[in-house]
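# Structural features, examined
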Amino acid sequence: MRAFDPYPFFTKYAKGSCIVDVDGKEYIDYCMAYGPLIFGHAYSYVIEAVREQLEKGTLYGTPTEREVELAELVCGCVPSAEMVRLVTTGAEATMSAIRVARGFTGKKKIVKFEGCYHGAHDCVLVKAGSGATTFGVPTSQGVPEETTKNTIVVPYNDSERFEEAVKSEKDDLAAVIVEPVLGNVGLILPKEGFLETLRELTEAYGVVLIFDEVITGFRLGLGGAQEYYGVTPDLTTLGKILGGGFPMAAYAGKEEIMRLTAPSGKVYQAGTYSGNPLSTAAALATLRTIKEKGAAFYEQLESKQKKIARVLESSAEEHDIEAQVNAVASMFQIFFSANPVYDYETAKAADNKKFMVYQRSLLENGVFVPPSQFETCFVSTAHSEQDLGKTADVFRETFSKL
Ligand SMILES: Cc1ncc(COP(=O)(O)O)c(C=O)c1O
């Protein structure tokens, strides 16, 4: 996902909303490392917390009190979280959540949705979004068909197809995994009632519902998309913002399921860097700061997003360019399409070539958005009014040439 033509810029350093390449050129950054940096780059509280920890050791291989503090903080924020296991990457979190769901139900199959990306591990690399779609390998080579035959793929936002799949596979179905807001084929919001349908049917058929909130966790609010939409899954995966820019992820959920994880249960999970003290320090600094700032924190972020989305919409309208802007909280993306974008197929039907011309023009003018139609843009607290003003000028200039 980092590669793009003719070549990606190489970064020298980054601070706040600004990322600087090796030639010294500055960009206002809306990629934000693909989502973790809600305070922008090199946020002082996080850096201080990690610096302090560095002196005390970087890895212990033993439990720490701070892991427990962090787990308690997560349980206090995320509605579905009764127990938490810390891991290192989002891929590890979804892989482990699926494993414990299979252990709990004693069943093999899972449902995933077209365009959802849950990390680069075998059973979810089927019609996956993000880089997998950008580079035309949504279903990866090297994944045995014995693995993918247990993965049933359903179109996102299609409640009827979902119901059919659950009813026909119910005897073998362990889990349903979904990005409650799809952030990996551009940005796609759940249609009204879609998440509720997932909840009702999984409950009715004894299937574990996993919300992959690696992007949306602490982004749509401290309680993530499950709080925002009022639908509580059985298990949740977290990453990105959780680690405040350091490698940290987690899976969490109902105690009766989570307890099956070793050592209290027989579902194995382990990792050398799990809950490492540097990432834990960064995670605690991040979550505590957000919590202290209260509701205004997310309101301010959303109002910045709205300013940007409005400029995108009005610039497209002014220049008669067919476009759809999808946005929620501090996330946004544009699709060059005359039709609403609500699933994988409608996202792929948008004019990808035009998107790359747009991305390139923004880059030349000092604004960095992810180099693919199939990613999402992120606003951080570090984006200033001045940044937003400059971004608006660059958008207008870009649309006048598209
Ligand atoms: C929704 C979602 N789940 C899981 C992952 C995998 O996370 P990681 O790249 O940390 O393995 C990603 C990564 O972008 C993601 O967006």
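Please read these numbers as outputs of a predicted model, since none were measured by experiment.

### As for the overall build of the chain
On a plain count of helices and strands, the chain comes out with 14 helices and 14 strands. Against the globule reference of 21 Å for 402 residues, the chain gives a C-alpha radius of gyration of 21 Å, in line with a compact fold. Dimensions of the chain, computed from C-alpha atoms along their principal axes, come out at roughly 60 × 55 × 40 Å. For the chain, the proportion of its 402 residues judged to be buried stands at 57%. Within the chain, contacts between residues separated by at least 24 positions form 72% of all contacts whose residues are at least 6 apart in sequence. Here the chain has roughly 17000 Å² of accessible surface; of this, 50% comes from carbon and sulfur atoms. In the chain, the 40 positive side-chain charges and the 53 negative ones have mean positions that sit 3 Å from each other.

### Considerations on the domain arrangement of the chain
Here the chain is described as being made up of domain 1 (11-42 + 294-401) and domain 2 (44-293). Domain 1 and domain 2 are separated by 25 Å when their C-alpha centres are compared. Each partner contributes residues to the interface: domain 1 has 35 residues there, and domain 2 has 39 residues. Counting each side, the surface lost to burial between domain 1 and domain 2 is near 2900 Å², with a carbon and sulfur contribution of 64%. Per-residue buried area on domain 1 facing domain 2 is highest for Tyr 298, Tyr 344 and Phe 374; these three make up 24% of the total on that side.

### What to know about a negative patch on the surface
On the surface, Glu 313, Glu 317, Asp 320 and Glu 322 cluster together to form a negatively charged patch. A relative accessible area of 66% means that Glu 317 is categorised as exposed.

### Concerning helix α11 (residues 295-318)
Helix length check: α11 (24 residues) gives 35 Å between terminal C-alpha atoms against 34 Å at 1.5 Å per residue, within 8%. Taken together, the buried positions of α11 are Phe 297, Tyr 298, Leu 301, Lys 304, Gln 305, Ile 308, Ala 309, Val 311, Leu 312, Ser 315 and Ala 316. In the core, the buried residues of α11 are packed alongside α10 (277-293), β11 (324-328), β12 (331-335), α13 (352-364) and α14 (385-401). One or two positions beyond α11, positive phi appears at Asp 320, with a value near 55 degrees.

### Considering the side chain of Gln 53
Residue position: Gln 53 is located in helix α1 (residues 44-54). Taking the relative accessible area as the measure of exposure, Gln 53 reaches 5% and is therefore buried. In this structure, Gln 53 is in contact with Tyr 60, Arg 66, Pro 277, Leu 278 and Ala 281, ignoring residues within four places of it in sequence.

### Some thoughts on the site of the ligand
Taken together, Thr 89, Gly 90, Ala 91, Tyr 117, His 118, Gly 119, Glu 179, Asn 184, Asp 212, Val 214, Ile 215 and Lys 240 are the residues near the ligand. Contact between the ligand and Ala 91: an oxygen atom at 2.8 Å from a main-chain N or O atom of the residue. Bound to the protein, the ligand loses 81% of the 390 Å² it would expose on its own. Grouping the constituent residues of the shell around the ligand by class yields four nonpolar, five polar and three charged.

### Brief notes about the environment of Ala 250
In this structure, Ala 250 sits in strand β10 (residues 249-253). Sequence-wise, Ala 250 and Lys 240 are ten residues apart; in three dimensions their C-alpha atoms are separated by 9.9 Å. Beyond its immediate chain neighbours, meaning those up to four positions away, Ala 250 contacts Val 84, Arg 85, Leu 86, Val 87, Ala 93, Thr 236, Thr 237, Leu 238 and Leu 242.

### Points about the packing of aromatic side chains
Counting across every chain of the model gives 17 aromatic pairs. Centre to centre, the rings of Tyr 228 and Tyr 229 are 5.0 Å apart; their planes meet at 65 degrees, and the pair counts as edge-to-face. The class for Tyr 228 is partly exposed, based on a relative accessible area of 40%. Given a relative accessible area of 25%, Tyr 229 falls into the partly exposed group.

### Overview of the packing of helix α6 (residues 159-169) against helix α7 (residues 194-205)
Between α6 and α7, the least distance of the axes is 10 Å, while the angle of their chain directions is 10 degrees. The angle between α6 and α7 places the two elements in the roughly parallel class. Relative to α7, the crossing made by α6 is right-handed. Of α7, the residues touching α6 (which contributes Ser 159, Phe 162, Glu 163, Val 166 and Lys 167) are Phe 194, Thr 197, Leu 198, Leu 201, Thr 202 and Tyr 205. Class assignment for the residues of the contact of α6 with α7 results in six nonpolar, three polar and two charged.

### Comments concerning the sheet that holds β11
Taken together, the three strands give an open sheet; going across it, the order is β11-β12-β14, and neighbouring strands pair in antiparallel fashion. Two strands in the sheet have a free side with no partner beyond their single neighbour: β11 and β14 (377-378). Two elements, β11 and β12, share five bridges in a ladder whose sense is antiparallel. Its bridge partner being in β12, Val 325 is matched across the sheet by Ile 334.

Cut-offs used in this document
- Residues numbered from 1 in each chain as written.
- Predicted model: local features only at pLDDT ≥ 70, side-chain atom pairs only at ≥ 80, totals over all residues.
- Heavy atoms only, no water.
- Helix = DSSP H or I, 4+ residues; strand = E, 2+ residues; numbered from the N terminus.
- Rg over C-alpha atoms; globule rule 2.2 N^0.38 Å.
- Buried < 20%, exposed > 50% of the residue type's maximum accessible area, 1.4 Å probe, protein only.
- Contact = heavy atoms within 4.5 Å.
- Areas by Shrake-Rupley, 256 points an atom, 1.4 Å probe, with all protein chains shown as cover.
- Lys, Arg positive; Asp, Glu negative; His and termini not counted.
- Charge placed at Lys NZ, Arg CZ, Asp CG, Glu CD.
- Domains from an automatic or database assignment.
- Buried area = accessible area lost by both parts, 1.4 Å probe.
- Patch = residues over 30% accessible without salt bridge, like charges linked within 9 Å, V, L, I, M, F, W, Y side chains within 5 Å.
- Salt bridge = Lys/Arg side-chain N within 4 Å of Asp/Glu carboxyl O.
- Expected span 1.5 Å × (residues − 1).
- Near = heavy atom within 4 Å.
- Polar contact = N/O pair within 3.5 Å; in protein donor to acceptor, adjacent residues only side chain to side chain.
- Nonpolar A, V, L, I, M, F, W, Y, C, P; charged D, E, K, R; others polar.
- Phe/Tyr/Trp six-rings, centres within 6.5 Å; stacked < 30°, edge-to-face > 60°.
- Axes fitted to C-alpha atoms, helices over the stretch in contact; angles between N-to-C directions.
- Parallel < 35°, antiparallel > 145°, perpendicular 65-115°, else oblique.
- Left-handed = near helix turned anticlockwise from the far one by under 90°.
- Pairing = 2+ DSSP bridges.

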